[in-house]
Amino acid sequence: MEPKILVSVVIPVKNGEGWLDETIQAILNQQIEGNFEIVVLDSGSTDGTLRLLSKYPVTIIHIKPEEFNHGLTRSKGANLANGKYVVMTVQDAKPVSSFWLQQLLSGFIDNTVAGVCGQQIVPHHPDMNPAEWYRPVSKPELRKYHFANTQDFKNLSFEEQLAICRWDDVNAMYRKDILNRLPFEKTDFAEDVLWAKSALQEGYAIVYNPLAQVEHYHHGNYKFAFKRNFITNYHFYKYFGVFPPENRNLILEILRVIKLLVMESGISFIQKWKWFKYNIYLLRAIRKSNGALLEGIRNNNGAHLDILYRKICQSIPQAFKHGQ
């Protein structure tokens with residue numbers, strides 16, 4: 001008789017050869033009180049991804065590239081998974097600890113909890129932006145959100161709702177039975193925050209456990225930063241009514257970057273100068289992206305704003321490793 005699966009780890013993949021070895025090995029090294037499986041959703045990889053995956057005990061589900069959707073594809077993976085719990089992660093996220101899955105499980109503190117979300121961190125690696133390195137300022141603590149009277153959630157401001165629903169499918173675990181009843185919606189981005197909002201409105205609880213950490217980093221050029229920021233804020237406006245920040249003080253942001261770089265004694269002056277210029281580059285892209293979306297919101301609405309979104313973001317920007 002086949003052993004019952006406690007956890008299914010579902011990973012959407014496309015051309016992930018540069019990351020998957022580390023990701024899969026870190027998952028297989030997990031110490032957990034129960035059996036687990038890895039389910040890979042490949043949407044037309046053309047590099048060595050499938051050859052690499054053939055070395056590992058993973059189940060591969062093939063998705064036609066034109067049929068991939070951030071919400072529906074993940075729901076398909078959850079439906080085909082065998083575990084009582086389903087974990088969503090991505091090809092370039094690496095668990096920090098061998099107890100990552102167990103730490104996610106520990107967040108299911110009662111029967112009201114539909115899902116548990118961990119934390120993304122950027123390690124102190126010379127090829128990763130030091131301004132984004134993980135620098136905890138307080139002790140990580142479990143946080144639970146539950147509105148027995150769902151109208152209490154709806155009465156919150158749009159900004160408060162979004163702050164609570166900063167869910168993240170880079171590092172999240174779900175009860176499969178609840179996920180089947182409340183699947184991800186069809187969307188090309190932010191299926192996770194939209195799910196968190198729906199779960200709270202349906203009377204479920206969500207939990208954040210920052211002890212369940214994965215390393216995850218996006219190194220992108222100006223175009224990547226502009227589009228990624230535009231896509232994120234467009235969906236936050238669409239699903240929560242939250243506007244992108246309009247008057248971000250560029251001087252204060254530059255001073256913050258300088259402070260973070262100066263405090264790192266292990267980085268040479270040349271490296272600090274390189275990363276300073278890179279961060280100015282990103283800040284300009286984000287500032288311009290926010291401005292473009294705000295102008296679109298003011299001058300358009302409804303379908304017209306959607307047309308602007310499709311024009312600017314014809315495809316989801318892809319991250320790449322620094323040096324590629």
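Residues numbered from 1 in each chain as written. Predicted model: local features only at pLDDT ≥ 70, side-chain atom pairs only at ≥ 80, totals over all residues. Heavy atoms only, no water.

**What about the environment of valine 214?**
If you trace the backbone, valine 214 turns up in strand β9 (residues 205-215). Residue valine 214 is classed as buried on the basis of its relative accessible area, which comes to 0%. Put simply, valine 214 and proline 95 are 119 residues apart on the chain and 4.2 Å apart in space, counted from C-alpha to C-alpha. For valine 214, the residues in contact, after removing those within four places along its chain, are Ala93, Lys94, Pro95, Val96, Trp100, Gln119, Gln120, Ile121, Val170 and Asn171. (Helix = DSSP H or I, 4+ residues; strand = E, 2+ residues; numbered from the N terminus. Buried < 20%, exposed > 50% of the residue type's maximum accessible area, 1.4 Å probe, protein only. Contact = heavy atoms within 4.5 Å.)

**A closer look at the packing of aromatic side chains**
Applying the stated rule across the entire model yields 14 aromatic pairs. Centre to centre, the rings of tyrosine 145 and tyrosine 208 are 6.0 Å apart; their planes meet at 80°, and the pair counts as edge-to-face. A residue pair is termed long-range when its members are at least 10 positions apart, and tyrosine 145 in strand β7 (residues 143-145) and tyrosine 208 in strand β9 qualify at 63 residues. Residues tryptophan 275 and tyrosine 278 carry aromatic rings whose centres are separated by 5.4 Å and whose planes lie at 85° to one another, so their mutual orientation is edge-to-face. Note that tryptophan 275 and tyrosine 278 are positioned in helix α11 (residues 269-299) at a spacing of three residues, about one turn of the helix. Each member of the pair, tryptophan 275 as well as tyrosine 278, carries the same accessibility label: buried. An aromatic cluster is defined as three or more aromatic residues linked by ring pairs; in this entry it consists of Tyr145, Trp167, Tyr174, Phe184, Trp195 and Tyr208. Above the face of the phenylalanine 240 ring, lysine 197 is positioned so that its terminal group lies 4.9 Å from the ring centre. (Phe/Tyr/Trp six-rings, centres within 6.5 Å; stacked < 30°, edge-to-face > 60°. Lys NZ or Arg CZ within 6 Å of the ring centre and 35° of its normal.)

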